[in-house]
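The residues making up each chain are set out below.
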Amino acid sequence: MNQKASRVPRRTFIQAASSAALLPLAAGSAKAGGPNIILITADDLGWRDLGCYGSGNLRTPNLDALAEQGVRFTNAFVTAPSCSASRASIITGQAPHSVGVLGLTHVHPRYQMPARVPTMPRALKQKGYRTAIHGKWHVAAFRDTRSYGYDLRMSVMTIKRSGPAKRFISANRNHPFYLELNFMQTHRLPSGEFKMDPRFPVDPEAVELPDYWRLPDWPEIKKDAAKYYSQAEAMDGLIGDVMGRLEDEGLAENTLVLFVSDNGPPYPGCKTTCYDAGIGTPLIMRWPRGLPAGQVRDGLVSTADLAPTCLEAAGAGALPGCQGLSLLGMARGEVESVRDEVFAEVTYHVKYTPMRAIRTMKWKYIENLSPDPTGLDQNERFDWARRVAREPGQRCCVLRPPEELYDLARDPLEQNNLAEDPGRAGIKKDLKARLDKHRAETNDPFPNLR
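Residues numbered from 1 in each chain as written. Predicted model: local features only at pLDDT ≥ 70, side-chain atom pairs only at ≥ 80, totals over all residues. Heavy atoms only, no water.

1. Notes on helix α4 (residues 163–171)
Along α4, eight of the nine residues are buried, which leaves the element largely enclosed by surrounding structure. Among the residues making up α4, those that are buried are Gly163, Pro164, Ala165, Lys166, Phe168, Ile169, Ser170 and Ala171. (Buried < 20%, exposed > 50% of the residue type's maximum accessible area, 1.4 Å probe, protein only. Helix = DSSP H or I, 4+ residues; strand = E, 2+ residues; numbered from the N terminus.)

This is the structure in C-alpha cells:
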C-alpha cells in the first residue's frame with residue numbers, strides 16, 4: 001500500500017451550500033447546551049474493513065485517529081442489513097418495523113417513514129441545535145427532509161467534496177449544531193461497479209479477502225475489492241478534511257463525532273442477510289470533553305442506541321417510543337454493557353426475503369419467515385458473483401430453512417446450522433421466545449408466515 005496524505009486536498013467550491021448564513025432558531029426552541037454532534041455514516045462498509053479494525057487492505061488514517069482519540073466498539077450491529085430500514089433506526093431509536101420502513105423506500109415508496117415519527121434531528125432542533133444533512137437521504141426518499149427535523153439539506157445523494165460541511169461548521173462556530181454526513185463511496189454505482197479513485201489506488205494483488213466475507217480468493221473478486229477499498233480511502237480523506245475544519249475552528253474538544261456503517265459490505269451473502277457479515281458495523285465515538293480516549297468496548301451495541309446517546313449528550317429528553325439505550329455510560333467505562341441481545345430484521349430489500357434475528361454474545365437465532373432466497377443484489381450482473389452462488393456452502397440464491405442457530409463462539413462464520421440439533425433445543429426455544437417478545441412489544445406487523 002502506498003503512503004498517502006491523510007486529507008483530501010482543499011479545493012475551490014464548485015457548489016456552495018446555503019449554510020453560509022446562520023440559521024435562525026425555530027420558534028419555541030430551547031437553548032442548546034450540549035456538544036456539537038456530527039453523525040457520519042458509510043454506505044455498505046463492512047464491520048472489519050477499516051485499519052483500526054484490523055484490515056491490512058487499506059489506509060484509513062482519519063478514522064483510525066478518531067478511534068485512537070475516542071472509543072471503538074467491537075460488537076456493534078445494525079437493526080437491518082438494508083439502508084433505508086437501518087437508517088430509520090439510527091435517527092429514531094426504534095426497530096424499522098416500528099416506524100414503517102419495511103424496504104428500500106425508493107423501490108417501495110409505501111414504506112417511507114411518516115413525518116410524524118419522532119426523530120433525533122427534530123428533537124435536537126427543538127433543543128436549539130441547527131441541523132443539517134449532507135449526502136444520502138433514504139429514510140423517506142421522496143419526502144422533504146425538513147419534515148424530519150433538518151434545517152438544511154446540502155446535497156441530493158452523494159458527498160463529492162467537503163466544502164458544504166466545512167462551511168456549515170464555520171457558519172455555526174458560535175452555536176451548537178447537528179451535522180449528518182452520509183457517505184456513499186462504498187456503495188456500488190448504478191452499474192454495479194466500483195471505480196478506482198486515482199488519488200487512492202489499491203493494488204488488487206495485495207488484497208487479502210476477509211474471512212468473514214466467506215468468498216473464494218478469485219482474482220476478479222480481489223480486483224473488485226481493491227476498488228471498494230479505494231473508495232473507502234477516498235471517504236476517509238473527506239472525513240479528515242471535515243475533522244480538520246473542526247480543529248481550525250477550535251470546536252473539536254466539544255464535538256461528539258460518531259462513525260457507523262448502515263449495513264455490511266456489498267458482496268454475496270453479506271449485505272441483505274442477518275449473518276454478522278450483514279449486520280455487523282464499525283462504530284467509533286469521539287468527544288474529547290466527554291469521553292475517554294483510546295478505549296475499546298466489547299459489549300453488545302445496537303444502532304438503535306445512537307439516537308438516545310446523542311440526545312443524552314445534548315441534554316435533551318428521550319424520544320417517544322425509543323427502544324434504544326444510551327451508550328454514554330458504557331463509552332465512559334461506567335458499565336460493561338447496556339444490553340444482553342440485539343435484534344435485526346429484513347422484510348424487503350428490493351425483493352421479499354422476510355427474516356427476524358436475535359444475537360447474543362454467544363448465539364445467533366434467525367427465523368426465516370419465508371423460504372425466499374436472498375439474492376445477489378447489484379452483484380447479479382457479474383459472472384464471478386453468479387459463480388460464487390454455485391459454490392458449496394454459499395447461502396445466497398438458495399431456499400432458506402425455517403430456522404437457523406449458530407454457536408458464535410465456536411462458529412464465528414456461521415457455517416454450521418444447529419437449529420435441528422436436539423442438544424440445542426433449549427437454547428433455540430429461549431432465543432425464539434425472546435425474539436417473539438421483542439416482536440410483540442415493538443408491534444411487528446408481520447406474522448410468522450410458515
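2. Quick word on the sheet that holds strand β8 (residues 295–302)
What the eight strands build is an open sheet, ordered β4-β3-β5-β1-β6-β7-β2-β8; its pairing is mixed. Both outer strands of the open sheet, β4 (152–153) and β8, are each paired with one neighbouring strand and no more. For strand β2 (residues 71–77) and β8, the ladder comprises six bridges, and the chain directions are parallel. Bridging across to β8, Val71 finds its partner in Gln295. Running over the sheet, helix α3 (residues 120–127) touches β1 (36–42), β3 (130–135) and β5 (177–183) and is turned about 155° from β5. Contacts from helix α7 (residues 306–314) reach β1, β6 (255–261), β7 (280–286) and β8 within the one sheet, and its direction differs from that of β6 by about 175°. (Pairing = 2+ DSSP bridges. Contact = heavy atoms within 4.5 Å. Axes fitted to C-alpha atoms, helices over the stretch in contact; angles between N-to-C directions.)

3. Description of the side chain of Gln231
Mapped onto the secondary structure, Gln231 falls in helix α5 (residues 219–248). Residue class for Gln231 comes out buried when judged on its relative accessible area of 14%. Polar side-chain contacts of Gln231 include one of 2.6 Å to the backbone oxygen of Lys195. Leaving out residues up to four positions away in the same chain, Gln231 has contacts with Gln185, Thr186, Phe194, Lys195, Met196 and Asp197. (Polar contact = N/O pair within 3.5 Å; in protein donor to acceptor, adjacent residues only side chain to side chain.)

4. Some words on the layout of surface pockets
Taken as a whole, the largest pocket holds about 750 Å³ of empty space. Among the elements that take part in the lining of the largest pocket, α5 stands out by supplying three residues, more than any other. By residue class, the composition of the lining of the largest pocket is twelve nonpolar, eight polar and nine charged. Taken as a whole, the second largest pocket encloses approximately 400 Å³ of empty space. Looking at the second largest pocket, it is lined by 24 residues, and the ones nearest its centre are Gln323, Arg339, Phe343, His438 and Thr442. For the lining of the second largest pocket, the secondary structure elements donating two or more residues are β9 (342–348), β10 (352–359) and α10 (425–441). Counting residues per element, the lining of the second largest pocket draws most heavily on α10, which supplies six residues. (1 Å grid on protein atoms, 1.4 Å probe; cavity = no way out; pocket = protein on both sides within 12 Å on 5 of 7 lines; lining within 4 Å. Points joined across faces, edges and corners; volume = space filled by probe spheres on them. Nonpolar A, V, L, I, M, F, W, Y, C, P; charged D, E, K, R; others polar.)

5. Focus on the pattern of salt bridges
This structure, assessed with the given rule, holds 31 salt bridges. Between Lys271 and Asp377 there is a salt bridge; the shortest N-O distance is 3.6 Å. One end of the pair, Lys271, is in the loop between β6 and α6 (276–279); the other, Asp377, is in the loop between β11 (363–368) and α9 (383–389), with 106 residues separating them in the sequence. Residue classification places Lys271 among the buried positions, given a relative accessible area of 7%. Asp430 is paired through a salt bridge with Arg434; the nearest N and O atoms lie 3.0 Å apart. Placement of both Asp430 and Arg434 in helix α10 is noted, with a separation of four residues, approximately one turn of the helix. You can call Arg434 partly exposed: its relative accessible area is 26%. Among the charged side chains, a salt-bridge network with shared partners connects Arg356, Glu367, Lys432, Asp436, Arg439 and Asp444. (Salt bridge = Lys/Arg side-chain N within 4 Å of Asp/Glu carboxyl O.)

6. As for the confidence of the model for the protein chain
The pLDDT averaged across the protein chain works out to 92; a share of 92% of its residues lies at or above 70. The low-confidence segment residues 1–29, where pLDDT is below 50, has 66 contacts with residues more than four positions distant or belonging to other chains. (pLDDT = per-residue confidence, 0-100.)

7. Digging into the packing of aromatic side chains
Tallying each qualifying case throughout the model produces 15 aromatic pairs. The interplanar angle of 10° and the centroid separation of 5.7 Å between the aromatic rings of Phe382 and Trp384 together place this pair among those described as stacked. Overall, Phe382 belongs to the buried group, its relative accessible area being 11%. Aromatic rings pair up to connect Phe194, Trp213, Tyr228, Tyr229, Tyr267, Phe382 and Trp384 into one cluster. If you follow Arg72 out to its NZ or CZ, it ends over the ring of Tyr53, 4.9 Å from the centre. When the ring centre of Trp218 is taken as origin, the NZ or CZ atom of Arg387, which lies over that ring, is 4.6 Å away. (Phe/Tyr/Trp six-rings, centres within 6.5 Å; stacked < 30°, edge-to-face > 60°. Lys NZ or Arg CZ within 6 Å of the ring centre and 35° of its normal.)

8. Topic: the environment of Leu327
For Leu327, the location among the structural elements is in the loop between α7 and α8 (328–331). For the pair Leu327 and Arg289, spaced 38 residues apart in sequence, the C-alpha to C-alpha distance is 16 Å. Other than its neighbours up to four places away in sequence, Leu327 contacts Leu283, Met285, Val301, Asp305, Leu306, Thr309 and Val338.

9. Observations regarding the state of the cysteines
Here a disulfide denotes a covalent bond joining the sulfur atom of one cysteine to the sulfur atom of another. Tallying each qualifying case throughout the model produces zero disulfides. This cysteine, Cys310, is not joined by any disulfide, and Cys322 carries the nearest cysteine sulfur, 11 Å off. (Disulfide = S-S within 2.5 Å.)

10. Some details on unusual backbone geometry
Its identity as a non-glycine residue notwithstanding, Cys397 has a phi of 65°, on the positive side. Take Cys397: it is sitting in the loop between α9 and β12 (403–407). Even without being a glycine, Asn443 presents a positive backbone phi close to 60°. With respect to the element layout, Asn443 can be found in the segment after α10. For Asn443, a relative accessible area of 60% translates into the label exposed.

11. With respect to the pairing of β11
The side chains of a regular strand alternate between the sheet's two faces. Counted residue by residue, β11 has six buried out of six residues, so it is predominantly covered. Of the two faces of β11, the one lined by Trp363, Tyr365 and Glu367 and the one lined by Lys364, Ile366 and Asn368 are each fully buried. Where β10 lies against β11, five bridges are found, and the strand directions are antiparallel. For Ile358, the partnering residue across the bridge sits in β11 and is Tyr365.

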